[in-house]
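Now for the letters of each chain:
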Amino acid sequence: MRRATRNPLSIRGMTLVEMIVVIAITGVLVALLSLFGRNQIAAYVDTASRAELADAADTALRRIGRDLQAALPNSVRQSGNFLEFVPLHDAGRYRADVGATGGDILDFGSNTDSAFDVLGPTVNIAAGDQLVVYNLGQPGSDVYVGGSRRAATAGNGLSTVSFAPAGAQFPLPSPQSRFQIVGTSRTYECAPNVANPELGSVILHTGYGFAAAQPAGAAWTLGGTSSILVSDVAACTFSYLPAVLQRNGIVVLLLTLTRNGESVTLMQQVDILNTP
């Protein structure tokens, strides 16, 4: 019987020369692809980096603007790279006249008055909150000095607000019988780094006490809590332009973020309503 045999050429493997040729052709193709696709990939990376920076800058400016628009009237003050304000927690109207139904008024002629009725919706007061009446941000009626604020008694759904008289009445009544409940001061600090933007930041300082003089620069020793709002800050400026006649002001915020050679600069103006 005849045994079948295979053709030796049919089972021959790839030679070294053929492997070298395939590798060379593959290298050329990869080089061509990288040559034509490098610009597109770089453009995509740059666009994504700019989008991230723009989103971070916009979010930071919106956060600062939202906080400023909810600040106690006449409490915004700026010194260099430090922007300070007092956040509002609640507000309402106090009883200024007994009327036919009676009730507890806020007596501006007495230094022993320690409570008043709330007209309208009830208010919530957290532990450590302060009661403020007609803050003008001027000597005699300055929340930072203490003339327009008193320690308030905490509680939820309050129709009567109790406070510590501190030995003196409030200096001035509000023409609209308004009062505000506030927390402790807050400060946004610009800490840019032009040479190394990754080390620059905008810092939020909270939980520190009231100070007559605005803390700024190396004098910042009031304690509290500090947290970074946004990083990669190459440039940052705050400016506050208080109005006189309209009792409103404008805060101008300018922020530049830089990362991987890409920079984004955004500016925002915030209208400050200063009617107490």
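The structure under discussion appears in the preceding block.
What you see is a predicted model, and the numbers here were worked out from it, not measured in a lab.

Thresholds, definitions, all that
- Residues numbered from 1 in each chain as written.
- Predicted model: local features only at pLDDT ≥ 70, side-chain atom pairs only at ≥ 80, totals over all residues.
- Heavy atoms only, no water.
- Helix = DSSP H or I, 4+ residues; strand = E, 2+ residues; numbered from the N terminus.
- Buried < 20%, exposed > 50% of the residue type's maximum accessible area, 1.4 Å probe, protein only.
- Contact = heavy atoms within 4.5 Å.
- Areas by Shrake-Rupley, 256 points an atom, 1.4 Å probe, with all protein chains shown as cover.
- Salt bridge = Lys/Arg side-chain N within 4 Å of Asp/Glu carboxyl O.
- Disulfide = S-S within 2.5 Å.
- Core = buried A, V, L, I, M, F, W, Y, C linked by side-chain atoms within 4.5 Å.
- 1 Å grid on protein atoms, 1.4 Å probe; cavity = no way out; pocket = protein on both sides within 12 Å on 5 of 7 lines; lining within 4 Å.
- Points joined across faces, edges and corners; volume = space filled by probe spheres on them.
- Nonpolar A, V, L, I, M, F, W, Y, C, P; charged D, E, K, R; others polar.
- Phe/Tyr/Trp six-rings, centres within 6.5 Å; stacked < 30°, edge-to-face > 60°.
- Patch = residues over 30% accessible without salt bridge, like charges linked within 9 Å, V, L, I, M, F, W, Y side chains within 5 Å.
- Pairing = 2+ DSSP bridges.
- Axes fitted to C-alpha atoms, helices over the stretch in contact; angles between N-to-C directions.

(A) Region of interest: the overall build of the chain. Looking only at helices and strands, the chain features one helix and 16 strands. Within the chain, the proportion of its 276 residues that are buried is 38%. Put simply, 63% of the contacts in the chain that link residues at least 6 apart link residues at least 24 apart. Only carbon and sulfur atoms are counted for the fraction: they give 58% of the accessible area of the chain, which is about 15400 Å².

(B) Highlighting the pattern of salt bridges. Applying the stated rule across the entire model yields eight salt bridges. Arg62 serves as the salt-bridge partner of Asp58, at 2.8 Å between the closest nitrogen and oxygen. Linking Asp58 with Arg62, this pair stays in helix H1 (residues 16-69), spanning four residues, or about one helical turn. For Arg62, a relative accessible area of 53% puts it in the exposed group.

(C) Expanded view of the environment of Gly157. Positionally, Gly157 belongs in strand S8 (residues 155-158). Separated by 34 residues in the primary sequence, Gly157 and Val123 place their C-alpha atoms 5.3 Å from one another.

(D) Structural view of the state of the cysteines. For the structure shown, the criterion picks out one disulfide. Covalently, Cys190 is tied to Cys236 through a disulfide, its sulfur atoms 1.9 Å apart. In this pair, Cys190 sits in strand S11 (residues 185-191) while Cys236 sits in strand S14 (residues 233-242), placing the two residues 46 residues apart along the sequence. One exposure class covers both Cys190 and Cys236, and it is buried.

(E) Geometry of the nonpolar core. In terms of nonpolar packing, the biggest core is built from 26 residues, with Leu68, Val76, Val202, Phe238, Val251, Leu253 and Leu255 touching the most fellow members. A total of six residues in this core trace back to one element, the largest contributor, which is H1. Discounting chain neighbours no more than four positions away, the residues touching Val76 are Leu68, Ala71, Leu83, Glu84, Phe85, Tyr240, Val251 and Ile272. Listed in part, the 18 residues of the second largest apolar core include Leu106, Tyr134, Leu136 and Phe170.

(F) Main features of empty space enclosed by the protein. According to the stated counting rule, one finds one cavity of 30 Å³ or more in the structure shown. By volume, the largest cavity is sized at about 60 Å³. Residues of the lining of the largest cavity, tallied by class, amount to six nonpolar, four polar and three charged.

(G) Structural view of the side chain of Asp142. If you trace the backbone, Asp142 turns up in the loop between strand S6 (130-132) and strand S7 (149-151). Setting aside anything within four residues of it in sequence, one finds Asp142 in contact with Asn135, Gly137, Gly147 and Ser148.

(H) Broad picture of the packing of aromatic side chains. What the rule picks out here adds up to eight aromatic pairs. An angle of 45° between the planes, with centres 6.2 Å apart, marks the rings of Phe116 and Phe163 as tilted. Of the two residues, Phe116 sits in strand S4 (residues 115-119) while Phe163 sits in the loop between strand S9 (160-162) and strand S10 (178-182), which places them 47 residues apart along the sequence. Phe163 carries the same exposure label as Phe116, and that label is buried.

(I) Representation of a nonpolar patch on the surface. Judged by side-chain polarity, Val17, Val21, Ile25 and Leu29 come together as a nonpolar surface patch covering roughly 370 Å² of accessible area. Within the secondary structure, Leu29 is located in helix H1.

(J) Fine view of the sheet that holds S9. Reading across the sheet, the six strands line up as S7-S6-S10-S3-S4-S9 and stay open at both edges, with antiparallel pairing between neighbours. Across the chains shown, the open sheet's two edge strands, defined by having one partner strand only, are S7 and S9. Taking the axes of each pair of neighbouring strands and ignoring which way they run, one obtains an average angle of 40° across the sheet. As paired elements, S6 and S7 share three bridges and run antiparallel to each other.

(K) The environment of Pro276, seen in detail. Looking at where Pro276 falls in the secondary structure, it is placed in the segment after strand S16 (262-273). Taking the relative accessible area as the measure of exposure, Pro276 reaches 10% and is therefore buried. What Pro276 contacts, discounting residues up to four positions off in sequence, is Pro73, Asn74, Tyr134, Asn135, Leu136, Ser174, Arg178 and Gln180.

(L) Focus on the pairing of strand S12 (residues 201-208). In terms of burial, S12 is largely enclosed, as six of its eight residues are buried. Across six bridges, the pairing between S11 and S12 is antiparallel. Residue pairing for S12: Thr187 is matched across the bridge by His205. In this sheet, strand S13 (residues 225-231) lies alongside S12 in antiparallel orientation, the contact comprising six bridges. Residue pairing in the sheet places Ser201 in a bridge with Ser231 of S13.

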